[in-house]
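Structural characterization, general
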Amino acid sequence: MGTFPYKNARRNKIVPPNGEKKLLLHSCCAPCAGEMMEAMVESGIHLTVFFYNPNIHPVREYEIRKNENIRYCQKLGIPFVDADYDVDRWFARAKGLEWEPERGARCTLCFDMRFERTALYAHEHAFSLWATSLGISRWKNMEQINASGHRAGRAYPNVSYWDFNWRKGGGSARMYEIAKREQFYQQEYCGCVYSLRDTNRWRAQSGRQRIAIGKNFYDETPPRPSPQKPQMELPNGPKGC
Ligand code: SF4
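Worth saying up front: this structure is predicted, and the values here are computed from it rather than measured.

**Describing the site of the ligand**
Taken together, Asn55, Glu102, Arg106, Cys107, Cys110, Cys190, Gly191, Cys192, Tyr194 and Ser195 are the residues near the ligand. Sorting the residues of the shell around the ligand by element identifies helix H4 (105-124) and helix H7 (193-205) as the ones contributing at least two each. It is H4 that contributes the most residues to the shell around the ligand, three residues altogether. Classifying every residue of the shell around the ligand gives five nonpolar, three polar and two charged.

Take a look at the structure:
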């Protein structure tokens with residue numbers, strides 16, 4: 001079995017269920033998807049990246065996250081599907097859940113909406129297997145994501161959701177290493193306007209600066225706090241997505 005080292009972390013070759021060689025990957029952002037994309041290419045899996053994230057607000061943040069993902073797809077030669085930014089439909093579904101905490105009911109509907117669309121695309125374009133990058137982030141509840149994934153997948157008998165634990169087997173460590181190597185944009189909040197509001201509130205209470213959209217990028221030099229450059233929310237990771 002091949003291993004794919006990168007500095008301190010290794011990933012064993014990934015073997016999809018039923019010997020599948022083709023996969024549709026719902027991507028939330030380049031930092032989360034990057035490790036999975038690289039590991040799949042190295043494992044001989046023919047993947048297509050599907051970017052459907054109408055939750056991301058504002059549109060400037062959405063475009064930055066999307067373009068970072070396109071940049072890495074082009075580097076690895078992976079097809080990229082740019083799905084709708086149907087943000088009005090997202091807000092309609094989230095109505096009444098504006099004050100839900102992260103990992104609560106609003107996040108369940110957010111995952112459901114994104115995965116329903118991914119499963120539909122898989123069904124319509126002859127992908128029998130799909131996965132998401134959302135579960136690799138330790139900010140997320142993997143059980144919540146997998147429940148949404150299986151719910152969406154059940155709508156199409158010819159399509160299966162792959163609930164592989166991408167954090168294990170070196171995945172989490174490689175995710176950060178690759179994000180730094182590629183100098184990906186580092187988002188500082190999950191994505192929706194409510195997570196932006198709540199993160200800024202928390203920052204204000206902690207005496208920290210507000211989120212500055214489009215400012216932070218990963219790099220391989222250790223971060224040094226300075227009055228001009230706000231410290232990262234965590235020393236080694238994105239604020240989910
Ligand atoms: S906090 Fe994140 S997962 Fe939850 S609803 Fe907002 S964007 Fe979606």
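**Quick word on the nonpolar core**
Counting residues in hydrophobic clusters, the biggest one holds 53 residues, and the most contacted among them are Leu23, Leu25, Ala33, Met37, Val49 and Trp130. Residues within four places of Trp130 in sequence aside, it is in contact with Leu23, Leu24, His26, Thr118, Ala119, Ala122, Val159, Tyr161 and Trp162.

**Structural notes on unusual backbone geometry**
Between His57 and Pro58 the backbone carries a cis peptide bond, its omega angle lying at -5°. Positionally, Pro58 belongs in the loop between strand E4 (46-51) and helix H2 (59-76). Positioned with a positive phi, Arg103 is a non-glycine residue whose angle comes to about 80°. As for its placement among the helices and strands, Arg103 is situated in the loop between helix H3 (87-94) and H4. Residue classification places Arg103 among the partly exposed residues on the basis of 14 C-beta atoms within 10 Å.

**Concerning the environment of Arg210**
With respect to the helices and strands, the residue Arg210 is situated in the segment after H7. Residue classification places Arg210 among the partly exposed residues on the basis of 13 C-beta atoms within 10 Å. On a C-alpha basis, the gap between Arg210 and Arg197 in space is 9.8 Å, while along the polypeptide they are 13 residues apart. Filtering out sequence-adjacent residues up to four positions away, Arg210 remains in contact with Asn200 and Arg203.

**Here we look at the confidence of the model for the protein chain**
A residue-level look at the protein chain finds 88% of positions with pLDDT of 70 or above and a mean pLDDT of 90. Here residues 225-238 scores under 50 on pLDDT; set against residues more than four positions off or in separate chains, the count is 17 contacts.

**With respect to the sheet that holds strand E5 (residues 80-82)**
Ordered by their spatial adjacency, five strands build an open sheet running E5-E4-E3-E6-E7, and the pairing between neighbours is parallel. Pairing within the sheet leaves two strands with one partner each, and these edge strands are E5 and strand E7 (160-161). By the bridge criterion, three bridges tie strand E3 (residues 22-26) to strand E6 (residues 129-132) in an arrangement that is parallel. Along E6, the bridge assignment pairs Leu24 with Trp130. Lying on the sheet, H4 is in contact with E3, E4, E5 and E6; it crosses E3 at an angle near 155°.

**Notes on the pairing of E3**
Summarising burial for E3: four of the five residues are buried, a large majority. Bridging between E3 and E4 involves five bridges; their strand directions are parallel. Within E4, the residue paired with Leu23 across the bridge is Leu47. In this region the chain leaves E3, passes through helix H1 (residues 30-42) and returns to the parallel neighbour E4; the handedness of that crossover is right-handed.

Calculation rules
- Each chain carries its own residue numbering, running from 1 in the written order of its sequence.
- A pLDDT threshold of at least 70 governs which residues receive local features in this predicted model, and a stricter bar of 80 or more applies before side-chain atom pairs are shown or counted, although totals over entire chains, interfaces and linings include all residues.
- In this analysis a residue is considered near a molecule or strand if the C-beta atom, reconstructed from its backbone, is found within 6 Å of that molecule or strand.
- Strands here mean DSSP runs of E at least two residues long; helices mean DSSP runs of H or I at least four residues long; both are numbered from the N terminus.
- Throughout this entry, Asp, Glu, Lys and Arg are counted as charged residues, while Ala, Val, Leu, Ile, Met, Phe, Trp, Tyr, Cys and Pro are counted as nonpolar. The remaining residues, Gly among them, count as polar.
- Joined through C-beta atoms within 7 Å, a set of buried Ala, Val, Leu, Ile, Met, Phe, Trp, Tyr and Cys residues constitutes a nonpolar core.
- Field definition: a residue is buried when 20 or more other C-beta atoms are found within 10 Å of its C-beta, exposed when 12 or fewer are, and partly exposed for counts in between, with C-beta atoms placed from the backbone.
- Contact definition: two residues whose C-beta atoms, as placed from backbone geometry, lie within 7 Å.
- Every residue is assigned a pLDDT by the predictor, reflecting its confidence on a scale from 0 to 100.
- Think of it this way: DSSP has to see at least two bridges between two strands before they count as a pair.
- What counts as an axis is a line fitted to C-alpha atoms, over the stretch in contact for a helix, and the angles between N-to-C directions run from 0 to 180 degrees.
- Here a crossover is taken to be right-handed if, once the strands point away from the viewer, the path from the first strand over the helix to the second is traced clockwise.

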